[in-house]
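Overview (structure and organization)
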Amino acid sequence: MRKNWAGNLEYSASNLLEPENLEQAQEAVRKYDKIKSLGTRHSFNRIADSTENQISLKNFEEISLDKAANTVTVGAGISYGKLSPYLDEQGYALHNLASLPHISVAGACATATHGSGDKNGNLATAVQALEMINAEGDLVQLSREKDGETFNGVVVGLGALGVVTRVTLDLQPTFTMRQDIYENLPMDQLESHFDEIELGGYSVSLFTDYKTQNINQVWVKSIVEEGQENMGKSDYFGAMPATRNLHPIKEISAENCTEQMGVPGPWYERMPHFRMDFTPSSGTELQTEFFVPRHHAVEAIKAIHGLRGQISPLLMISEIRTIAADNFWMSPCYQQPSVAIHFTWKQDWKALQALLPVIEKTLAPFDARPHWGKLFSISPARLQSLYKKLPDFKNLALQYDPQGKFRNDFLEMNIFNS
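Note that this is a predicted model, so its numbers are computed, not measured.

1. Examining the nonpolar core
Generally speaking, a soluble globular protein has its nonpolar side chains buried in company with each other. One finds Leu206, Trp267, Ile311, Met330, Phe343, Trp345 and Ile359 to be the most contacted residues of the largest nonpolar core, which totals 113 residues. For Met330, the residues in contact, after removing those within four places along its chain, are Val156, Leu158, Trp372, Tyr387, Leu390, Phe393 and Ile415. Ranked by size, the runner-up nonpolar core spans 15 residues in total, among them Ala28, Tyr32, Ala76 and Phe406.

Below, the structure written as structure tokens:
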């Protein structure tokens, strides 16, 4: 019995293939009529599920650094937690990381998973090239430079186009960061100064449980320039500096969180919220997330606050972040800077099933798009209407997978059902 990391779903596939090399992976794709890629199992829905066969490339962890091009090519199975320290040792960094470093590079990019920052695109925006196995078992290589719009359709592929085996990522010089946390940001300050608040650091996260009118915590991650003294602020738009390390849920120990209190450290030990050597617990939470256009940020946050009486009893914590626009057809941030409103829930699916439509209706006027790997109840027709490049994506799927080898119930319902 195999489950996702949160333990809220059991995978249906009776057969899990774990090839040791590229040839074995190609042979597996050729052999089966239905097969689905399985990453690090951090999705909360059935986007990676299959009733027949799953293939895991967890053994594909090679790293090839190209210092002349300032890129790194990695196997699909490698996690950001394994890749990042190596890059830092070589003098390089990635532009962004997600809250958890445990997720695989290929899986995160395929679902448009993100970190935060007004000027930072999601993790997939670092992808310069990729390699995948198509439905025929042949190797396909695409790049930003030579494949243009087709490349923009493939990168956030949702597992519908092939089995991604390698990705090449853009790099930048390594850098040092600090992380400062402020408590009790007044809602009127958020409404009046949202732009300034989000631009106050390289990456800024707002955490709230919607129990009061205040935002519980503001996490500000800033680059520390060499030779420059970086002093923490005495207050942050009315929020006061924390006096100790904090977990986003204040009652929980911060021992598994990345270093705070303004202590400088490597980029990969500050950008994620949680430490590389911390294994996320399982069986304790559910997650949903919705992206709305950046210019609707304050309206959307206020609308959610209006539901706090319904949300708070089921909620563990909510995180609000901004992400820059990108050009990937199936990305929730396609051609629009976005604000992501994320919810970590107690594991009560029955109660959440009743609440989700209420939240989605409240966010509907802002054309909210759900995270592809989280839980949502938006109708397929509504979901499809939010992606203007969906017809092109379907045509791309027919090109690489004409018989639907890589499709599953999730994709059939939400993408291919017209």
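Following the structure, the description resumes.
2. Quick notes on the packing of aromatic side chains
Pairs of aromatic rings are described using the distance from one ring centre to the other and the angle between the two planes. Within this structure, the stated rule accounts for eleven aromatic pairs. Ring centres 6.4 Å apart and planes at 35 degrees place the aromatic pair Phe175 and Trp267 in the tilted group. Of this pair, Phe175 sits in the loop between strand 10 (172–173) and strand 11 (176–185) while Trp267 sits in the loop between strand 15 (265–266) and strand 16 (286–293); the two residues are 92 residues apart in sequence, bridging distant segments of the chain. For Phe175, a relative accessible area of 11% puts it in the buried group. Of the residues examined, Trp267 reaches a relative accessible area of 0% and is grouped as buried.

3. Side note on the environment of Gly238
With respect to the helices and strands, Gly238 occurs in the loop between strand 13 (215–224) and strand 14 (240–241). With a relative accessible area of 34%, Gly238 lands in the partly exposed category. Each C-alpha atom of the pair Gly238 and Gln189 lies 7.3 Å from the other, and the pair is 49 residues apart in sequence. With near-sequence residues (within four places) excluded, Gly238 lies in contact with Asn184 and Pro186.

4. Some words on the environment of Ala68
Looking at the secondary structure, you find Ala68 in the loop between strand 4 (63–66) and strand 5 (71–75). Assessed through its relative accessible area of 78%, Ala68 is described here as exposed. Distance in space between the C-alpha atoms of Ala68 and Asp170 is 12 Å, their sequence separation being 102 residues.

5. Some details on the pattern of salt bridges
With the rule as written, the count across this model stands at 15 salt bridges. Where Glu412 meets Arg407, a salt bridge forms, and the shortest distance between an N and an O atom there is 3.8 Å. Residue classification places Glu412 among the partly exposed residues on the basis of a relative accessible area of 31%. Judged by its relative accessible area of 17%, Arg407 falls in the buried class. Salt bridges sharing partners connect three or more residues here, namely Asp118, Asp195 and Arg294.

6. Some thoughts on helix 8 (residues 349–363)
Here helix 8 contains 15 residues, and its C-alpha end-to-end distance of 20 Å stays within 8% of the 21 Å for a straight helix at 1.5 Å per residue. Leu355 marks where helix 8 bends most, by close to 30 degrees; the proline Pro357 follows one to four residues later. Three or more residues of helix 8 are buried, namely Leu352, Leu355, Leu356, Ile359, Glu360 and Leu363. Where helix 8 is buried, its residues contact strand 16, helix 6 (297–305), helix 7 (308–311) and strand 18 (338–345).

7. Regarding the sheet that holds strand 5
The five strands lie next to each other as 4-5-9-7-8, forming an open sheet whose pairing is antiparallel. At either end of the open sheet lies a strand with only one pairing partner, and these are strand 4 and strand 8 (139–143). Taking each pair of neighbouring strands and ignoring which way they run, the sheet shows an average axis angle of 15 degrees. Bridge count for strand 4 against strand 5 is four bridges, and the pairing is antiparallel. Bridge pairing links Ile63 to Val74 in strand 5. Helix 2 (residues 80–89) rests against strand 4, strand 5 and strand 9 (163–170) of the sheet, and its axis sits at about 35 degrees to strand 4. Where helix 4 (residues 144–154) meets the sheet, its contacts fall on strand 7 (127–133), strand 8 and strand 9, and the angle it forms with strand 8 comes to roughly 105 degrees.

8. Quick word on the pairing of strand 5
A large share of strand 5 lies buried, amounting to five of its five residues. What you see with strand 5 is no split at all: Thr71, Thr73 and Gly75 on one side and Val72 and Val74 on the other are buried throughout. Two elements, strand 5 and strand 9, share five bridges in a ladder whose sense is antiparallel. Within strand 9, the residue paired with Gly75 across the bridge is Arg166.

Criteria and thresholds
Residues numbered from 1 in each chain as written. Predicted model: local features only at pLDDT ≥ 70, side-chain atom pairs only at ≥ 80, totals over all residues. Heavy atoms only, no water. Core = buried A, V, L, I, M, F, W, Y, C linked by side-chain atoms within 4.5 Å. Buried < 20%, exposed > 50% of the residue type's maximum accessible area, 1.4 Å probe, protein only. Contact = heavy atoms within 4.5 Å. Phe/Tyr/Trp six-rings, centres within 6.5 Å; stacked < 30°, edge-to-face > 60°. Helix = DSSP H or I, 4+ residues; strand = E, 2+ residues; numbered from the N terminus. Salt bridge = Lys/Arg side-chain N within 4 Å of Asp/Glu carboxyl O. Expected span 1.5 Å × (residues − 1). Bend = angle between axes of the 7 residues up to and from the residue. Pairing = 2+ DSSP bridges. Axes fitted to C-alpha atoms, helices over the stretch in contact; angles between N-to-C directions.

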